[in-house]
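Given next are the chains, with one letter for each unit.
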Amino acid sequence: MSKRGGRFGGKFQGKKRKFHGNQGKFPHKAEGFVREMINVQEVDVGITEFVGDSLGFSGIIKCKFSDFQVNEIDLDGNVVKLTDTSVPECQVDKLPDNGESLLSAEDLTSLRGLLENSDKEFLEIDVTEMSKEQRTQIHAGIREEFGQKIIANTISKEERKFIKCFKPKKNGRDQERTRWLWPHQYIYFVLHKMNIDTMKAASALASSMRIKPSLLTYAGTKDKRALTSQLFCVKRREPAMIMAAAKRTNNIEVGNFTSRPEVLKLGQLRGNRFRIALKEITADPQVIGDSLLSFREKGFINYYGLQRFGNSAVVPTFTIGRALLKGQWLEACELILKPRPGDLPDMQRVRECWWESRDAKKALALVDGHQKCIEIDLLRGMSQHGANDLVGALEKVPRNTRLLYIHSYQSLIWNRIASKRFKLGLKPLPGDLVYREEASEVAEKDLEDTIDEEESDEEEDCGQEESKFKNMVKRLTEEEAKSGNYSIFDVVLPLPGHDITYPNNQCGEWYQELLATDDLSSEKLKQKVKTYSLGGTYRKFMAKPENLTWSLMKYNSTNDLLLASDVDEMRNKVIPEDPNGTKTALLLDFCLPSSTYATMALREVLKTDTSTAAQIKLNPKENSPDAEAVKKAKV
């Protein structure tokens, strides 16, 4: 790879956008400043092939946030929608219809004594021999008789079960913690957001609720520049509290509250439903129809989309990931802090100060002491740990971010292998990998859905000679490949790691060759610093849309609203078509499984580059963020 733009540059074919300023220097004043964007292009990250041979056509993706709408599909196949923003009444356990309580007369006497006796702290009722339904009736009987004067929780002790009853402490912290009347511990709700990514929405809502962001869980991340609806979950927080916090948080709505017994975990979704308006369509309807029919039948290569690789072609995220995987801590830090066009002026000053002085404290003096971002976190770490402990300095950067860097490198290798595998044909080949029938569905999770504390757990078993993870797939024999029992949609390609099975055909050789060009190997991906050790995983080579429908719609202005959101539908807002409109939009409605990128699906339909630079060329004046929508406090 040739060098460009200094020591840590790379060869890219990114397109530049206009930039005013001194050459070699970044302007320090925001006034009159025009940001230069050197965007990552598809070819830079291995996205080169199309499946269908239809002509394709041009169309603008995401003119407005409302042009790209996503609804999660839960594990039961239900489309998650925001349909009810009321705060529900507590669904407390009820006594049976016959009104009988399982509380004995002795229990009732003891409980009354607990209330009257100020010295007695608690009472335990042995319910070891009772079923869950019977224990529920005990709880209901206590609530029926004593209301909130007595708190009751089921506990386990020495292999027995008890209902522990006690009086709530006045002004005590555990009063709110234990006064829980809902039938289940976890409150689920639908979160509908606009122009904010899932992690930031969770962080903002958690801040308003005054809880840690980690206490809010969700099944998967959703697009930022879009309107999206997905399930969220939190333990023992009243819906009224969640609703009040959401009203204080910009660009989100919540509703459809329920209580459930189990926590919502990453990866617990079947897929997503997409409703997309592609604007500025000029192609003949026959061309559009041919492309969509091909898309429905042949699917698309399941590439990782450009958002996986960051916004800057000068320092794409995979270059940082590669340095981390090689244990080149100084180079990784320098890449993160390297000046680049496109930054806001404040960050440019910080980067340039550190780049020229290599003094973290001096660079930090240029910003507010409470400011948080990746670069500032790293500088604080470097200031604290010094040049001799860059691993410790990097730990100041959120773990999820550091994992995104190394996963970006994995994704680059995967994309390049996928393009090479495509050229071998769209039939299973001997040596290709497919999931075993008994394999856990966890193998199909995308890396974006496994960036949490559980991810490090898979490395606990890496010392086994043949790990369970390796056995999730099998290599097709020549007979199996020709049997017709498998299609190209069953084939999976590994993301490189030290604990996976590789194809035993030409594909397997390509992995080792590509890693070797970066002085890496599968073995070297197991690092002493565990955070940067890659076990590897698998990803479907091809994907296909489900329930695909489409229609053409006339409109007049780029700012016209063409798709009704969940909130619009709740308010019975109808989006009328203007039959005399001068422009044409293509409205798409389809579902994709998890671990796929809708932008890569659209790329196959349009047969065009989906990068920012390519989209700007189609409509340079109008393809900008929806300024009015950004200003709104609520969607």
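Residues numbered from 1 in each chain as written. Predicted model: local features only at pLDDT ≥ 70, side-chain atom pairs only at ≥ 80, totals over all residues. Heavy atoms only, no water.

Within the secondary structure layout, V80 lies in the loop between strand 1 (68-73) and helix 1 (105-116). The exposure class of V80 is buried, given its relative accessible area of 5%. Once residues within four sequence positions are removed from consideration, V80 is found in contact with N71, E72, D74, V190, S229, Q230, L231 and D566. (Helix = DSSP H or I, 4+ residues; strand = E, 2+ residues; numbered from the N terminus. Buried < 20%, exposed > 50% of the residue type's maximum accessible area, 1.4 Å probe, protein only. Contact = heavy atoms within 4.5 Å.)

What links the strands of a sheet is backbone hydrogen bonding, and the strands pair in either a parallel or an antiparallel sense. The strand order 2-4-3 describes an open sheet built from three strands, whose pairing is antiparallel. Pairing within the sheet leaves two strands with one partner each, and these edge strands are strand 2 (122-126) and strand 3 (151-157). Neighbouring strand axes in the sheet, compared pairwise and without regard to direction, differ in orientation by 30 degrees on average. Inspection of the sheet shows strand 3 paired to strand 4 (residues 160-166) by seven bridges, in the antiparallel sense. What sits directly across from S156, in strand 4, is K161. With respect to the sheet, helix 1 is in contact with strand 2 and strand 4, its orientation differing from that of strand 2 by roughly 165 degrees. Along the sheet face, helix 2 (residues 132-146) touches strand 3 and strand 4 and points at about 10 degrees away from the line of strand 4. (Pairing = 2+ DSSP bridges. Axes fitted to C-alpha atoms, helices over the stretch in contact; angles between N-to-C directions.)

With that out of the way, let us pick up the confidence of the model for the chain. Per-residue confidence for the chain gives a mean pLDDT of 84; residues scoring 70 or more make up 82%. Predicted confidence in the chain is weakest over helix 19 (residues 627-631), with a mean pLDDT of 37, and strongest over strand 10 (residues 300-301), with 98. Confidence drops under pLDDT 50 across residues 620-635; counting only partners more than four residues distant or on other chains, this segment forms 36 contacts. (pLDDT = per-residue confidence, 0-100.)

Packed helix pairs are specified by the crossing angle of their axes together with the interaxial distance, meaning the distance between the axes. Closest axis-to-axis distance for the helix 7 (residues 317-325)/helix 8 (residues 329-337) pair is 7 Å, and the angle between their directions is 160 degrees. Taken together, the axes of helix 7 and helix 8 lie roughly antiparallel to each other. Considering how the two elements wind past one another, helix 7 and helix 8 form a crossing that is left-handed. Residues T319, I320, A323 and L324 of helix 7 pack against W329, E331, A332, L335 and I336 of helix 8. Here the residues of the contact of helix 7 with helix 8 are counted per class, giving seven nonpolar, one polar and one charged. (Parallel < 35°, antiparallel > 145°, perpendicular 65-115°, else oblique. Left-handed = near helix turned anticlockwise from the far one by under 90°. Nonpolar A, V, L, I, M, F, W, Y, C, P; charged D, E, K, R; others polar.)

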